[in-house]
Amino acid sequence: MLFNYLKFAFRTFGRTPSISFIHVSGLALGICCVLMIFSVVNYHLSFDNFHRDTDRIYRFVTEQHRDLVSHTSGVPPAFGRAFREDYTYGEKVARICNLTDQLVTLEEDGDEKKFKEHVTFVEPEFFDIFNFPLLYGEREGILNEPNTALISERIARKYFGDESPLDKTFRFNSQIEFRVTGVLKNIPDNTDLRQEICLSYASIKQYNEWYAAEDAWGGITSDIQSFVKLHPGVSPAEVENVLPAYVKKYRAESKNVHHYRLQPLRDMHFDIRYDARMPKAALVIVSLIGFLLIFTACLNFINLATAQALNRSREVGVRKTLGSAKAQLFWQFTIETALIVVLATIVGFAVAYSIIPYMNEWFGMRVALNFFSGLRLPLFTFGVMVSVTFLSAFYPGLILSSFKPIYALKGKLSNQNTGSFNLRRALITTQFVISQVLVIGLIVFFYQIKFIRETDQGFNQEGVVLIPVGSRDEKMNTIKDQFARILQVENISLCFAAPASGNRWGTMLRYDNRVETETFAVSFRGGDENYLSTFEVDLIAGRNLTPSDTVREFLVNETMVKSLGLSSPGDILGKPLSFMDGEWKGPVVGVVRDFHDQSFRSAISPVFISTSQEHYQSYAVKINMRDARTTLAALEKIWSDMYPEKMYEYAFVDEEIASFYRAEETMLKLVQTFSFIALFIGCMGLYGLVSFMSVQKTKEIGIRKVLGGSIPQILWIFGKEFTRLVLISFLFAAPVGWWLMSRWLEMYEYQVDMTIWIFVLELALIFIIVMLTVGYESLKSALMNPVNSLRAE
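Residues numbered from 1 in each chain as written. Predicted model: local features only at pLDDT ≥ 70, side-chain atom pairs only at ≥ 80, totals over all residues. Heavy atoms only, no water.

Novice: What am I meant to see in the pattern of salt bridges here?
Specialist: Close approach of charged atoms allows side chains of opposite charge to pair. Applying the stated criterion across every chain, the model contains 27 salt bridges. Of the charged contacts, one joins Arg 84 and Glu 123 as a salt bridge, the two residues approaching to 3.0 Å between their closest N and O atoms. Taken together, the residues span a long stretch of sequence, with Arg 84 in helix α3 (residues 79-86) and Glu 123 in the loop between β4 (111-122) and α4 (126-129) at a distance of 39 residues. Exposure remark for Glu 123: the relative accessible area of 6% places this residue in the buried category. We note a salt bridge from Lys 280 to Asp 267, for which the minimum N-O separation is 4.0 Å. (Salt bridge = Lys/Arg side-chain N within 4 Å of Asp/Glu carboxyl O. Helix = DSSP H or I, 4+ residues; strand = E, 2+ residues; numbered from the N terminus. Buried < 20%, exposed > 50% of the residue type's maximum accessible area, 1.4 Å probe, protein only.)

Novice: I tried to follow the pairing of strand β3 (residues 90-108) on my own but got confused; where do I start?
Specialist: Every other side chain in a regular strand lies on the same face of the sheet, so the side chains alternate between the two faces. For β3 and strand β10 (residues 224-230), the ladder comprises 7 bridges, and the chain directions are antiparallel. Among the inter-strand pairings, Cys 97 is bridged to a residue of β10, identified as Ile 224. When β3 meets β4, the two strands line up antiparallel, connected through 11 bridges. Residue pairing for β4: Gln 102 is matched across the bridge by Glu 117. Inspection of the sheet shows β3 paired to strand β7 (residues 169-172) by 2 bridges, in the antiparallel sense. When the sheet's bridge partners are listed, Thr 105 is paired in β7 with Arg 171. (Pairing = 2+ DSSP bridges.)

Novice: Just to check I follow, could you spell out the nonpolar core for this structure?
Specialist: When a protein is soluble and globular, its nonpolar side chains tend to lie buried together. If you look at the biggest cluster of nonpolar residues, it comprises 102 residues, and the most contacted ones within it are Leu 27, Val 444, Phe 459, Phe 535, Val 653 and Phe 674. Of all the elements, helix α2 (residues 17-45) adds the most residues to this core, at 14 residues. Among residues more than four places away in sequence, those in contact with Val 444 are Met 741, Trp 744, Leu 745, Met 754 and Ile 758. In this structure, Ile 155, Ile 176, Val 183 and Tyr 211 belong to the second largest nonpolar core, which totals 25 residues. (Core = buried A, V, L, I, M, F, W, Y, C linked by side-chain atoms within 4.5 Å. Contact = heavy atoms within 4.5 Å.)

Novice: Can you walk me through the environment of Arg 662 in this structure?
Specialist: Among the secondary structure elements, Arg 662 is positioned in helix α21 (residues 662-696). When its relative accessible area of 58% is taken as the criterion, Arg 662 is described as exposed. Sequence spacing of Arg 662 and Phe 363 is 299 residues, and the spatial spacing of their C-alpha atoms is 9.3 Å.

Novice: How should I be thinking about the side chain of Glu 196 in this particular structure?
Specialist: Note that Glu 196 resides in the loop between β8 (176-184) and β9 (197-200). Separated by 2.8 Å, the side chains of Glu 196 and Ser 152 make a polar contact. Of note is the side chain of Glu 196, whose polar atom sits 2.9 Å from the side chain of Arg 154. In this structure Glu 196 touches Leu 150, Ile 151, Ser 152, Arg 154, Ile 155 and Ile 187, once residues within four positions along its chain are discounted. (Polar contact = N/O pair within 3.5 Å; in protein donor to acceptor, adjacent residues only side chain to side chain.)

Novice: Quick question: what am I supposed to make of unusual backbone geometry here?
Specialist: Excluding glycine, most residues fall at negative phi; most peptide bonds, likewise, are trans. Notably, Asp 101 is not glycine yet its phi reads approximately 50°, a positive angle. Structurally, Asp 101 is set in strand β3. Unlike most non-glycine residues, Leu 143 shows phi in positive territory, near 60°. Relative to the helices and strands, Leu 143 resides in the loop between β5 (134-137) and β6 (148-152).

Novice: Just to check I follow, could you spell out the packing of aromatic side chains for this structure?
Specialist: The description of an aromatic ring pair rests on the distance of the ring centres and on the angle between the ring planes. Summed over the entire model, instances satisfying the criterion amount to 56 aromatic pairs. Aromatic pair Phe 126 and Phe 130: ring centres 4.8 Å apart, planes at 45°, arrangement tilted. Residue Phe 126 shares its accessibility class with Phe 130, and that shared class is buried. Here the aromatic rings of Tyr 531 and Phe 535 are separated by 5.1 Å at their centres, their planes lie at 55°, and the arrangement is tilted. (Phe/Tyr/Trp six-rings, centres within 6.5 Å; stacked < 30°, edge-to-face > 60°.)

Novice: I tried to follow helix α16 (residues 474-484) on my own but got confused; where do I start?
Specialist: Side chains that are three or four residues apart share a direction in an α-helix, a result of its 3.6 residues per turn. Along α16, the residues that are buried comprise Met 476, Ile 479, Lys 480 and Phe 483. Take α16 and look down its axis: the buried residues cluster within an arc of 105°, on one side only. (Arc of directions from axis to C-beta.)

Novice: Help me understand the sheet that holds strand β13 (residues 489-495), please; the structure alone is not making it clear to me.
Specialist: Judged by pairing direction, the sheet is antiparallel, and its 4 strands sit side by side in the order β13-β22-β12-β23 without closing on themselves. If you trace the sheet from one side to the other, it starts and ends with β13 and β23 (651-652), each paired once. Direction of pairing for strand β12 (residues 464-468) relative to β23: antiparallel, over a ladder of 2 bridges. Bridging across to β23, Leu 466 finds its partner in Ala 651.

Novice: Hey, could you run me through a nonpolar patch on the surface in this one?
Specialist: Taken together, Leu 343, Val 347, Val 351, Ile 355 and Tyr 358 make up a surface patch of nonpolar side chains, about 430 Å² in accessible area. The partly exposed category is assigned to Leu 343, whose relative accessible area is 44%. (Patch = residues over 30% accessible without salt bridge, like charges linked within 9 Å, V, L, I, M, F, W, Y side chains within 5 Å. Areas by Shrake-Rupley, 256 points an atom, 1.4 Å probe, with all protein chains shown as cover.)

As far as function goes, none of this settles anything; it's purely spatial.
Structure (structure tokens):
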């Protein structure tokens with residue numbers, strides 16, 4: 001029986017190759033997308049799930065309550081040690097200090113090699129909490145001794161080649177020497193804890209004394225993080241109940257009220273409040289897009305299959321006359337569909353496998369599509385095949401198996417017998433709704449990113465290069481003077497950071513000798529007297545800073561003035577400000593126009609600018625971009641001649657600001673790609689359907705032309721049907737698209753307006769696509785000789 005089903009299935013494919021091609025192509029595209037989306041989602045859901053007892057591992061994080069609530073993944077440097085000594089809730093507690101872009105140097109045959117690396121100071125307990133196996137070295141006493149280090153297998157090969165790295169030394173930050181005592185197995189891709197160079201935490205004082213201080217509760221940095229592995233049976237709520245005691249004991253007078261929380265390890269990769277890489281909402285959106293794509297492909301299949309049912313009516317009539325039962329006919333059609341799905345899955349998997357490397361490069365991911373790496377992908381693929389088979393086959397199979405033999409053999413079946421035409425309209429409308437929602441999303445994504453790119457940031461970011469300060473001594477000003485002599489250098493400033501930067505320093509403010517500090521936090525932007533001119537920040541009241549190496553006077557922004565409740569910028573001029581518990585004092589000498597100091601997701605912060613040589617981290621060099629390569633080479637030569645022991649690097653300010661929106665760029669690419677695929681699948685279905693309609697209406701078209709019907713009138717036979725369906729689907733898609741994109745835009749403090757023109761543009765695009773899809777076949781039918789049309793009947 002099964003052999004007969006297969007034999008007749010192959011015969012059917014041979015009789016209708018074009019329809020079979022559309023079926024396979026549409027389903028293959030949908031399955032290809034679903035497999036890729038599954039790989040992406042599965043990859044991100046697998047982050048840090050390879051550790052033992054992941055349900056008991058937590059990171060301590062901080063909510064900072066001022067006038068607004070902010071979140072940071074860090075805790076005060078003394079927190080981890082205090083918790084370990086004061087409470088027994090934790091089986092193990094470990095502190096780490098993450099430092100990015102650090103200089104690592106090593107000697108080799110008299111030559112010095114330099115590397116920029118992610119370096120982490122780590123307490124030994126870290127490796128009792130997390131499963132990062134040791135490849136070489138002694139497990140006992142790991143990182144207990146000062147100036148010892150662990151490196152990953154990859155770093156060991158990079159630094160020392162095939163030689164044993166044990167007991168080899170390297171220098172960190174050109175100052176501190178470390179000895180390699182062990183090699184870690186290569187760090188998996190699916191972890192946010194990418195500590196490939198681990199330095200003993202006992203040495204952290206040599207890098208930063210405050211990080212090692214036992215009373216360091218006054219400030220907080222995301223560099224310092226603390227992890228705990230709770231004892232079995234201990235709940236996070238139980239631990240969080242005792243943590244306010246630290247606030248009362250060490251921060252009772254601070255208006256920056258800390259609330260320490262426990263963040264589950266499984267949430268670290270997804271919680272964007274704590275700088276997560278992949279928000280869960282993005283995975284939900286991508287998963288929903290995958291479902292809609294495969295659902296669209298199934299609707300396509302159902303629509304074409306029911307439309308083609310009339311062509312198989314006599315076959316069904318003969319089979320029923322010869323004794324075939326309804327169930328047999330149903331399973332015959334299901335087997336045919338299953339073969340199409342199997343073929344589509346093979347094609348889809350092959351396409352997905354071949355383009356995964358390009359997808360990884362385009363989206364900046366490390367996703368793999370390995371069918372034999374575990375059970376998840378095979379089980380998911382099998383589930384998709386079964387679901388698609390029955391979803392696609394059930395209704396068409398039910399229709400075909402329900403034909404009455406007498407009507408089928410006489411050829412008297414109508415569209416009502418082969419599935420209601422209204423049902424096919426509903427299926428096409430559903431496809432249009434899905435496609436239009438995706439297109440609305442695509443347009444809003446595009447306009448929001450265009451808005452971010454083109455909106456005035458409040459400062460100049462074009463052609464400004466940031467070069468790190470090598471040292472804070474007399475060399476700093478010497479290099480600045482030498483940079484300024486380069487012909488193509490238009491301006492130069494020593495600064496803490498660019499006006500908009502991920503390098504943020506928040507502090508509290510005391511205004512006009514008030515006893516109490518203000519309730520809001522302010523952001524520090526250190527810069528010399530050239531800061532405003534280099535970044536073209538507008539001064540709207542008062543004067544610029546006078547040259548100085550220390551903090552003596554301040555510039556503030558408009559938001560600072562408003563936050564203090566002052567009516568005009570002039571009201572704050574001359575008023576004294578105090579920061580850092582009175583360490584920095586001075587009058588306000590000027591007010592600058594507001595500039596975006598963060599991404600567009602956040603409101604503009606109160607900002608103050610002051611001279612402070614000990615806190616300058618970069619040279620901001622404004623260059624003429626007409627000969628940028630020569631200018632950059634000249635800058636590098638000056639810097640490298642002054643600091644031959646250090647590694648030169650630079651970054652353009654506009655590139656750093658663009659990095660704020662990498663997630664948005666990735667989402668735009670995803671929506672672009674899958675919107676195009678959804679439209680393509682829908683167009684394939686439309687083309688197949690209009691081809692079928694043209695055959696069904698051959699006699700009608702011939703009669704109309706004989707009676708004087710014009711080509712536009714005949715084209716309207718096809719056009720009015722699809723125009724009606726597009727408009728009906730728009731009535732559903734518009735509110736759904738508006739609601740979804742409104743929720744997405746809530747992420748941004750500054751956002752594009754969702755005007756009526758977005759929906760007009762979307763509707764126009766869909767009409768153009770539909771007309772191009774159905775136009776060729778419709779025009780061919782309209783131009784057919786009526787004599788041939790009538791003979792065809």
